[in-house]
Amino acid sequence: MPRRFPEWVNTEVIIKAIKMREEGILPKQLNLWIENLLEIEKNN
């Protein structure tokens with residue numbers, strides 16, 4: 001099954017997701033999505 005990505009991304013939604021990620025309250029799947037979308041490297 002091919003991966004599905006949106007053709008466009010709503011900036012307001014992305015900004016909210018980034019803020020939630022910084023606060024540590026973003027659900028795991030959404031956190032993985034935003035990391036992949038923005039090519040964020042994990043700090044382990």
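Here, the structure is the one placed above.
About the thresholds
Just so you know, the residues in each chain are numbered from 1, in the order the chain's sequence is written. The predicted origin of the model limits local features to residues at a pLDDT of at least 70 and limits the giving and counting of side-chain atom pairs to 80 or more, whereas totals for whole chains, interfaces and linings rest on all residues. For side-chain calculations, the full set of non-hydrogen atoms in the structure is used, while hydrogens and water are omitted. Salt bridges are defined as contacts in which a side-chain nitrogen from Lys or Arg sits within 4 Å of a carboxyl oxygen from Asp or Glu. Numbering of helices and strands starts at the N terminus; helices are DSSP runs of H or I of at least 4 residues and strands are runs of E of at least 2. Relative accessibility decides the category of a residue: with a 1.4 Å probe and only protein chains considered, values under 20% of the type maximum give buried, values over 50% give exposed, and everything between is partly exposed.

Some remarks on the pattern of salt bridges
Taken as a whole, this structure holds one salt bridge when the rule is applied. Among the salt bridges present, the one from R21 reaches E35, with a minimum N-O distance of 3.1 Å. Pair noted here: R21 is in helix α1 (residues 11–23) and E35 is in helix α2 (residues 28–38), with a separation of 14 residues, a long-range link. Using a relative accessible area of 29% as the deciding quantity, one classes R21 as partly exposed. Relative accessible area serves as the criterion here: at 10%, E35 is assigned to the buried category.

Comments concerning unusual backbone geometry
At E39, a position not held by glycine, the phi torsion is positive, near 55°. Among the structural elements, E39 can be located in the segment after α2. Given a relative accessible area of 68%, E39 falls into the exposed group.

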